[in-house]
Amino acid sequence: MPRVKSAPEKHTFTREEETIRADSRRWQLSRFLSACQSPNQASKSIKSKELSVDLRDGIVSRHRSGEGYRKISAALNVPMSTVASIIRKWKKFGTTRTLPRAGRPVKLSDPGGKALDREVTKNPMVSLTELQRFSVEREEPSSTALHQSGQCDRVAGQKPLFRKRQMMHNAACQTTNQALKSMKTKELSVDLRDRIVSRHRSGEGYKKISTALNVPVSTIASIILKWKKFGTTTTLPRAGRPVKLSDPGGKALDREVTKNPMVSLTELRCFSVEKEKPSSTALHQSGQCDRVAGQKPLFRKSHMMHNAACQTTNQALKSKKSIKSKELSVDLRDGIVSRHRSGEGYRKISAALNVPMSTVASIIRKWKKFGTTTTLPRAGRPVKLSDQGGKALDREVTKNPMVSLTELLLSVKF
């Protein structure tokens, strides 16, 4: 038997769904009325009218129950793109209300101003960020609006900068700093510094010396470091222009120079009464003309004997003018090469021909590099050809017009 379809059950709407459907019908009616107007007025009316908060909440509740965009759009008669944008905004910000846009904040309306007054009266220490959450229309209250409403841009109260414990600590630090400043202004005496060094040399540590003499550990460390570096605890002259000598310093300077005329400027600084640095100007004014240490003799007796021996050797070498002043002949150089080719060593050739071994080595090295023992032209401006060289050049070029420059250099003697 054919199967008879049963009639679908009639869906009953709740009060909330009935309210949403009524809002949707009102929105459809306003859209129909706007369509009857001119196209420009219709587009303006569609854009200017915003969906109510209840209708947007209904779209989100249907989406959360599992309905799709198309089904929600057909049920509430809202474009599917609007449904999608409302759900996207809800997922991103967690609300369907209209958020404040970028740019200058909008002016508060009367309900917004009254709500602002109520919140600030209730909590005078409320911040500007918290006021934005409590606003009725979710408008962003600007500082101008707050000032106009008489609240003068209220902000949250600040915490106290310092607690009682911190104040006590700061007072103790100030007392310590004042004590340190008083110690810094006055310099330690030379006796106290010498006592610090003597205690250090006896084996006491920095902390023990500091406790015994009531001197900071850092000061003790710097004094001992200075003593290790310069060998003294007195104040050394600092960098910069030398200070002018006082009268006692000038007299002490005169006594030292009179006692030892060969004293140096460095030694004078050590002997000065006030340990002042005597400048060359002060020395000149005192009549000492910037004394320096006397020079030692350039040569001792042993040096003189060594120099005499060196002079004798130099004269002996100069006497052999034939070796230095005159160049070895080509025949002698060829004889050196022929002996080398026959297997003789440098020392044997030098002894046989009475030629220094270094000269023998250089001649053989030149022959191995250039294949000749003749004198090659040196770097620089070429020498002018003599008459014999010019005639030999003419003969070579006439004999072989295709001769190269290298071959001419090897064949022609300058």
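Because the structure is a prediction, the values reported are computed rather than measured.

### Overview of the overall build of the protein
- Counting secondary structure elements, the protein contains 22 helices and zero strands.
- Split into buried and exposed, the 414 residues of the protein put 21% on the buried side.
- For the protein, the computed accessible surface area is about 32,300 Å², with 55% contributed by carbon and sulfur atoms.

### Considering the environment of Ser 24
- One can find Ser 24 in helix H1 (residues 15-35).
- Once residues within four sequence positions are removed from consideration, Ser 24 is found in contact with Leu 76 and Asn 77.

### Details of the nonpolar core
- Formed by Ile 20, Trp 27, Leu 51, Leu 55, Ile 59, Val 60, Ile 72, Leu 76, Val 78, Val 83, Ile 86 and Ile 87, the largest nonpolar core amounts to 12 residues.
- Contributions of two or more residues to this core are made by H1, helix H3 (53-64), helix H4 (69-76) and helix H5 (80-93).
- Of all hydrophobic cores here, the second largest spans nine residues; its members include Ile 196, Ile 209, Ile 220 and Ile 223.

### Comments concerning the pattern of salt bridges
- Under the criterion given, the structure shown has three salt bridges.
- Residue Arg 199 is joined to Glu 204 by a salt bridge in which the shortest nitrogen-to-oxygen separation is 3.0 Å.
- Overall, the relative accessible area of 26% leaves Arg 199 in the partly exposed class.
- Given the relative accessible area of 22%, Glu 204 is considered partly exposed.
- Between Arg 339 and Glu 344 there is a salt bridge, with the nearest N and O atoms lying 3.1 Å from each other.

### Comments concerning the side chain of Thr 372
- Structurally, Thr 372 can be placed in the loop between helix H20 (357-370) and helix H21 (387-399).
- We classify Thr 372 as buried; its relative accessible area is 13%.
- A polar atom in the side chain of Thr 372 sits 2.9 Å from the side chain of Thr 374.
- Once you skip the residues sitting within four places of it in the chain, Thr 372 turns out to touch Lys 366, Trp 367 and Leu 410.

### A closer look at the packing of helix H10 (residues 190-201) against helix H12 (residues 217-230)
- At a closest axis distance of 10 Å, the pairing of H10 and H12 adopts a crossing angle of 80°. The orientation of H10 with respect to H12, classified from their angle, is roughly perpendicular. Here Arg 193, Ile 196, Val 197, His 200 and Arg 201 of H10 lie close against H12, whose contacting residues are Ile 220, Ile 223, Ile 224, Lys 226, Trp 227 and Lys 228.
- Tallied by class, residues from the contact of H10 with H12 come to six nonpolar, one polar and four charged.

### A few points about unusual backbone geometry
- With a phi close to 55°, Asn 77 is a non-glycine residue in the positive phi region.
- In this structure, Asn 77 sits in the loop between H4 and H5.
- Residues other than glycine seldom take positive phi values, yet Asn 214 does so here, at roughly 55°.
- If you trace the backbone, Asn 214 turns up in the loop between helix H11 (206-213) and H12.
- Given a relative accessible area of 67%, Asn 214 falls into the exposed group.

### A few points about H12
- Across its 14 residues, H12 extends 20 Å between first and last C-alpha, which sits within 8% of the 20 Å expected from 1.5 Å per residue.
- Within H12, burial applies to Ile 220, Ile 223 and Ile 224. For H12, the angular spread of buried residues about the axis comes to 95°, placing them on one side. Away from the buried face of H12 by more than 90 degrees, exposed residues Ser 218, Leu 225 and Lys 229 are located.
- Gly 231 sits one or two positions beyond H12 and adopts a positive phi of about 75°.

### Some remarks on the packing of H11 against H12
- Between H11 and H12, the shortest axis-to-axis distance is 9 Å and the interhelical angle comes to 115°. Seen along the crossing, H11 lies across H12 with a hand that is right-handed. Residues Tyr 206, Ile 209 and Ser 210 of H11 form the contact with H12, whose participating residues are Val 217, Ile 220, Ala 221 and Ile 224.
- Per-class residue counts for the contact of H11 with H12 are six nonpolar, one polar and no charged.

### What about the side chain of Thr 373?
- Residue position: Thr 373 is located in the loop between H20 and H21.
- Take Thr 373: its relative accessible area is 5%, and that puts it in the buried class.
- A polar side-chain atom of Thr 373 sits 2.6 Å from a polar atom in the side chain of Asp 334.
- Other than its neighbours up to four places away in sequence, Thr 373 contacts Val 330, Arg 333, Asp 334, Val 337, Lys 366 and Trp 367.

### A word on the environment of Leu 236
- Its place among the elements puts Leu 236 in the loop between H12 and helix H13 (247-259).
- Residues Leu 236 and Lys 226, spaced 10 residues apart in sequence, show a C-alpha to C-alpha distance of 9.9 Å.
- Aside from chain neighbours lying at most four places away, what touches Leu 236 is Lys 226 and Phe 230.

### Notes on the confidence of the model for the protein
- Taken residue by residue, the protein gives an average pLDDT of 75. The fraction at 70 or more is 69%.
- Below pLDDT 50 for its whole length, residues 42-46 participates in four contacts with residues either more than four positions away or in separate chains.
- Within the model, pLDDT remains below 50 along residues 136-140, and this stretch shows 19 contacts once partners closer than five positions in the same chain are excluded.

Reading the values: the criteria
Residues numbered from 1 in each chain as written. Predicted model: local features only at pLDDT ≥ 70, side-chain atom pairs only at ≥ 80, totals over all residues. Heavy atoms only, no water. Helix = DSSP H or I, 4+ residues; strand = E, 2+ residues; numbered from the N terminus. Buried < 20%, exposed > 50% of the residue type's maximum accessible area, 1.4 Å probe, protein only. Areas by Shrake-Rupley, 256 points an atom, 1.4 Å probe, with all protein chains shown as cover. Contact = heavy atoms within 4.5 Å. Core = buried A, V, L, I, M, F, W, Y, C linked by side-chain atoms within 4.5 Å. Salt bridge = Lys/Arg side-chain N within 4 Å of Asp/Glu carboxyl O. Polar contact = N/O pair within 3.5 Å; in protein donor to acceptor, adjacent residues only side chain to side chain. Axes fitted to C-alpha atoms, helices over the stretch in contact; angles between N-to-C directions. Parallel < 35°, antiparallel > 145°, perpendicular 65-115°, else oblique. Nonpolar A, V, L, I, M, F, W, Y, C, P; charged D, E, K, R; others polar. Expected span 1.5 Å × (residues − 1). Arc of directions from axis to C-beta. Left-handed = near helix turned anticlockwise from the far one by under 90°. pLDDT = per-residue confidence, 0-100.

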